[in-house]
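In case you want the letters, here they are:
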Amino acid sequence: MMRRCIVAGGILLAAVFLIRGILMPLIGGISGGHQDGDGEVVTSQNVASVDPNAAVRQPVKGLKDLGKLLYITPGWHSDDQGRWYQNPDRTYYRSGFQSIDGVQYYFTDDGYTATGWVTVDSVDYFFNDDGSYNPDKKKPLLCLTFDDGPGQYTNRLLDCLEEYDAHATFFMLGELVDYYPDEIKRMLELGCELGNHSYDHSQLTTLSLDQVESQFDRTDEKLIGACGQAATVARAPYGAYNDEIIATVGKPFFMWSLDSLDWSYKDVDLDYNEIMGGDLTDGTIILMHDIHEPSVECAIRIIPELIDMGYRLVTVSEMAKAKNVELQNASYSDFWKTSLDGGWVAGYKGEFFSDSGLTGADSSYDADDGNGNEDNTDDGSYDSEEEY
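Residues numbered from 1 in each chain as written. Predicted model: local features only at pLDDT ≥ 70, side-chain atom pairs only at ≥ 80, totals over all residues. Heavy atoms only, no water.

Trainee: Explain the nonpolar core to me, please; I cannot follow it from the model alone.
Mentor: Side chains of nonpolar character tend, in soluble globular proteins, to be buried together. One finds Tyr125, Phe253, Phe254, Val325, Tyr332 and Phe335 to be the most contacted residues of the largest nonpolar core, which totals 43 residues. Ranked by residues supplied to this core, first place goes to helix H11 (residues 316-322) with four residues. (Core = buried A, V, L, I, M, F, W, Y, C linked by side-chain atoms within 4.5 Å. Buried < 20%, exposed > 50% of the residue type's maximum accessible area, 1.4 Å probe, protein only. Helix = DSSP H or I, 4+ residues; strand = E, 2+ residues; numbered from the N terminus.)

Trainee: Just checking my understanding: could you explain the packing of helix H3 (residues 154-163) against helix H5 (residues 181-189) for this structure?
Mentor: If you want to describe how two helices pack, look at the angle between their axes and the distance between the axes. Between H3 and H5, the shortest axis-to-axis distance is 10 Å and the interhelical angle comes to 15°. Here H3 lies roughly parallel to H5, going by the angle between them. As for how H3 packs across H5, the hand of that crossing is left-handed. Side by side, H3 and H5 meet where Thr154, Asn155, Leu158, Asp159 and Glu162 of the first sit next to Glu183, Arg186 and Met187 of the second. Among the residues making up the contact of H3 with H5, the classes are represented as two nonpolar, two polar and four charged. (Axes fitted to C-alpha atoms, helices over the stretch in contact; angles between N-to-C directions. Parallel < 35°, antiparallel > 145°, perpendicular 65-115°, else oblique. Left-handed = near helix turned anticlockwise from the far one by under 90°. Contact = heavy atoms within 4.5 Å. Nonpolar A, V, L, I, M, F, W, Y, C, P; charged D, E, K, R; others polar.)

Trainee: What exactly am I supposed to notice about the confidence of the model for the protein here?
Mentor: A low pLDDT means the predicted coordinates there should not be read in detail. Per-residue confidence for the protein averages 83 on the pLDDT scale, and 75% of its residues sit at or above 70. The model gives residues 24-50 a pLDDT under 50, and that stretch makes 36 contacts with residues more than four places away or in other chains. Under a pLDDT of 50 for its full length, residues 360-386 has, in the predicted model, 57 contacts with residues more than four places off or in other chains. (pLDDT = per-residue confidence, 0-100.)

Trainee: Looking at this structure, how should I read the packing of aromatic side chains?
Mentor: All chains considered together, the criterion is met by 21 aromatic pairs. For the ring pair Phe127 and Tyr133, a centre distance of 5.8 Å and an interplane angle of 55° mean the geometry is tilted. This pair shows no difference in class: Phe127 is buried, exactly as Tyr133 is. Taking NZ or CZ as reference, Arg83 lies 4.0 Å from the ring centre of Trp76, over its face. Stacked on the ring of Trp117, the Lys or Arg Lys139 has its end atom at 5.0 Å from the ring centre. (Phe/Tyr/Trp six-rings, centres within 6.5 Å; stacked < 30°, edge-to-face > 60°. Lys NZ or Arg CZ within 6 Å of the ring centre and 35° of its normal.)

Right, here's the structure in full:
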């Protein structure tokens, strides 16, 4: 009798293990969800709706996951594919960021921790061999921006950008758009960004606000006709603007932190030396012009060199996203860490990771000088010989 009771108890325990440890997770996998600690059903869909980059808790399902059934204890496990984490309810993380014991990890679609460089929504993250996020390793970013086009040399520049998987921002004049619609379509296809540089390069500070509005509206209409999309960002001719002009145009305005002076030199070597010998701090915005052949030849020369040096070449909006900046109708000249930490970059939301994980979308700082005064525009002055 005693032996029968022991056998019956063993069978009962095995049945409980089978139902709770294997069948319920499998059923949860089929239904696409599981219960959290409060009894609420958690699915990939409603987790992603809170944070699209957060990992989801995946019940074991499918042949590729059967090996995970061998592991009963929660916590970290490793197999020949890598390192993964099992929760007490036998679910595991996949497809996004997750904080475990105060450390950030990124889990692949197969549920293993990523290592090395990972790019998520234009942001580069580095993860150590154990999968932990390394906040000290940053991939430096630069923005190449080109004014006054499009022009006869633009397509050659696009060839180079495509070859090296680099992106740039083109601040274009509306009066030239009709001549180069194919180049503009190609910009978008390659992941570049369309910028509005007015219709005919008029000095905005000499115009009425209605005239300013017309300059940018006409250019956007031309761009929509050429490629179906208006410009997302703007730049003032000669760098001459004020707060009223920014408000009238209703787009983020971009200045620059490194002027190649290519409009003045028109010499490949001089352009090259000005850029490569300039301040290439992570977050720099470089000013060039794709209407000059030497400028395009210089760009073709520096693009592979900068990439070999470890830089990633991004659009201004990609730069903003990578620096956790929500672009405002304000002026931007760089995304340097000193500028971000100093509160001089409008819409900066702080470091990506806090103690609770990814930073929220609602936190931001006002771009002022610490005394309540905005410090993100110039006085509208310019040099009449400059070809910005």
